[in-house]
Amino acid sequence: QQPVQSPQAVILREGEDAVINCSSSKALYSVHWYRQKHGEAPVFLMILLKGGEQMRHEKISASFNEKKQQSSLYLTASQLSYSGTYFCGTPDSGNTPLVFGKGTRLSVIA
Amino acid sequence: EAQVTQNPRYLITVTGKKLTVTCSQNMNHEYMSWYRQDPGLGLRQIYYSMNVEVTDKGDVPEGYKVSRKEKRNFPLILESPSPNQTSLYFCASTNLISGEETQYFGPGTRLLVL
């Protein structure tokens, strides 16, 4: 079942913060986060595991709330290079393939 | 360098003409998969493979075939392409080792079926 991401799109000025959420109607085993720039392949950012710690990639961090069946991606002091579409992916169960959300388009402007 | 390669990168074809998109990875991963990406729909899985000679359908397998004769290769086959298969296709290779989980995507193949 496809996870739901919110917001669908967000525009930030350089230096501003943003939060992207990824929610599932099913129990989450793990959440993977990717960023895709226009015309390029998705690039892995980080994975959040059930019972694991909050993770970071540069100034981007993420948390995993098992009870809420949700993960949040925090972009702090955004840079122009953060622009792109962010996807979360979750496995249906254990080591099964990832099902991706529809993505959140982030635009950082000067 | 960890790499997933796909060929061709761009392809224009006509309805019904069989085609194959190749995918190869150099990371010795057991797990590989194919996705298609369409505007507004995100990434949807077509097929995946847990290991050599083991393949399974994803969310949108109709009109596609795959094979996994060797660990490194996972070609996507369209026996009789139709215009609704016009899309951007990504092959992915996944490290499932606990604590090292990550997924690598190929550069993508943009397919236009006329």
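Above: the structure in question.
These numbers were taken from a predicted model, which means no experiment stands behind them. (Residues numbered from 1 in each chain as written. Chains lettered and ligands numbered in written order. Predicted model: local features only at pLDDT ≥ 70, side-chain atom pairs only at ≥ 80, totals over all residues. Heavy atoms only, no water.)

Caption draft 1: Here's a closer look at the side chain of Gln36 of chain A. You can see Gln36 of chain A is positioned in strand S4 (residues 30-36). A polar contact is formed between the side chain of Gln36 of chain A and the backbone oxygen of Glu40 of chain A, at a distance of 2.8 Å. Of the polar contacts made by the side chain of Gln36 of chain A, one reaches the side chain of Gln37 of chain B; its length is 2.8 Å. Apart from residues lying up to four places away in sequence, Gln36 of chain A is in contact with Ala41, Pro42, Gly84, Thr85 and Phe87 of chain A together with Gln37 and Phe90 of chain B. (Helix = DSSP H or I, 4+ residues; strand = E, 2+ residues; numbered from the N terminus. Polar contact = N/O pair within 3.5 Å; in protein donor to acceptor, adjacent residues only side chain to side chain. Contact = heavy atoms within 4.5 Å.)

Caption draft 2: Local environment of empty space enclosed by the protein. All names here are of chain A. If you walk through the whole model with that rule in mind, you get one cavity of 30 Å³ or more. One number sums up the size of the largest cavity: a volume of about 40 Å³. As for the largest cavity, its lining consists of Gln1, Ser24, Lys26, Ala27, Leu28, Thr90, Pro91 and Asp92. (1 Å grid on protein atoms, 1.4 Å probe; cavity = no way out; pocket = protein on both sides within 12 Å on 5 of 7 lines; lining within 4 Å. Points joined across faces, edges and corners; volume = space filled by probe spheres on them.)

Caption draft 3: How the structure looks around the interface of chain A and chain B. On the side of chain B, 18 residues touch chain A, which itself brings 16 residues to the contact. Counting the surface lost from both chain A and chain B, the interface buries some 1500 Å², and carbon and sulfur atoms represent 60% of this. Linking chain A to chain B there are zero salt bridges. Of all the elements in the fold, those that place two or more residues in the side of chain A that touches chain B are S4, strand S5 (43-49) and strand S10 (98-100) of chain A. When residues in the side of chain A that touches chain B are grouped by element, the largest group, three residues, is from S5 of chain A. Here the side of chain A that touches chain B is built from residues that sort into 10 nonpolar, four polar and two charged. (Buried area = accessible area lost by both parts, 1.4 Å probe. Salt bridge = Lys/Arg side-chain N within 4 Å of Asp/Glu carboxyl O. Nonpolar A, V, L, I, M, F, W, Y, C, P; charged D, E, K, R; others polar.)

Caption draft 4: Structural detail: the state of the cysteines. One pass over the structure, following the stated rule, counts two disulfides over all chains. For Cys22 of chain A, the disulfide goes to Cys88 of chain A, at an S-S distance of 2.0 Å. A torsion of 75° about the S-S bond marks the disulfide between Cys22 of chain A and Cys88 of chain A as right-handed. Highlighted residues: Cys22 of chain A in strand S3 (residues 18-23) and Cys88 of chain A in strand S9 (residues 84-91), separated in sequence by 66 residues. For Cys22 of chain A, a relative accessible area of 1% gives the class buried. Residue Cys23 of chain B pairs covalently with Cys91 of chain B via a disulfide, S to S 1.8 Å. Because the torsion about its S-S bond is -70°, the bridge between Cys23 of chain B and Cys91 of chain B counts as left-handed. A residue pair is termed long-range when its members are at least 10 positions apart, and Cys23 of chain B in strand S3 (residues 19-25) and Cys91 of chain B in strand S9 (residues 87-95) qualify at 68 residues. Of the residues examined, Cys23 of chain B reaches a relative accessible area of 2% and is grouped as buried. (Disulfide = S-S within 2.5 Å. Buried < 20%, exposed > 50% of the residue type's maximum accessible area, 1.4 Å probe, protein only.)

Caption draft 5: Seen up close, the layout of surface pockets. There is about 780 Å³ of room inside the largest pocket. At the level of secondary structure, the elements contributing two or more residues to the lining of the largest pocket comprise strand S1 (4-6), S9 and strand S11 (104-109) of chain A together with strand S4 (31-38) and S9 of chain B. With four residues, S11 of chain A is the single largest residue contributor to the lining of the largest pocket.

Caption draft 6: Representation of the pattern of salt bridges within the structure. All names here are of chain B. The full count for this structure, using the stated rule, is four salt bridges over all chains. A salt bridge links Glu79 to Lys18; its shortest N-O distance comes to 4.0 Å. Placement of the pair is Glu79 in the loop between strand S8 (76-78) and S9 and Lys18 in the loop between strand S2 (10-13) and S3, with a sequence separation of 61 residues. With relative accessibility at 36%, the residue Glu79 sits in the partly exposed group. Using a relative accessible area of 53% as the deciding quantity, one classes Lys18 as exposed. Here Asp38 makes a salt bridge to Arg36, at a shortest N to O gap of 2.9 Å. By the burial criterion, Asp38 is buried, and Arg36 matches it. Three or more residues are tied together by salt bridges with common partners; here these are Lys18, Lys65 and Glu79.

By themselves, these observations are geometric and do not establish any function.
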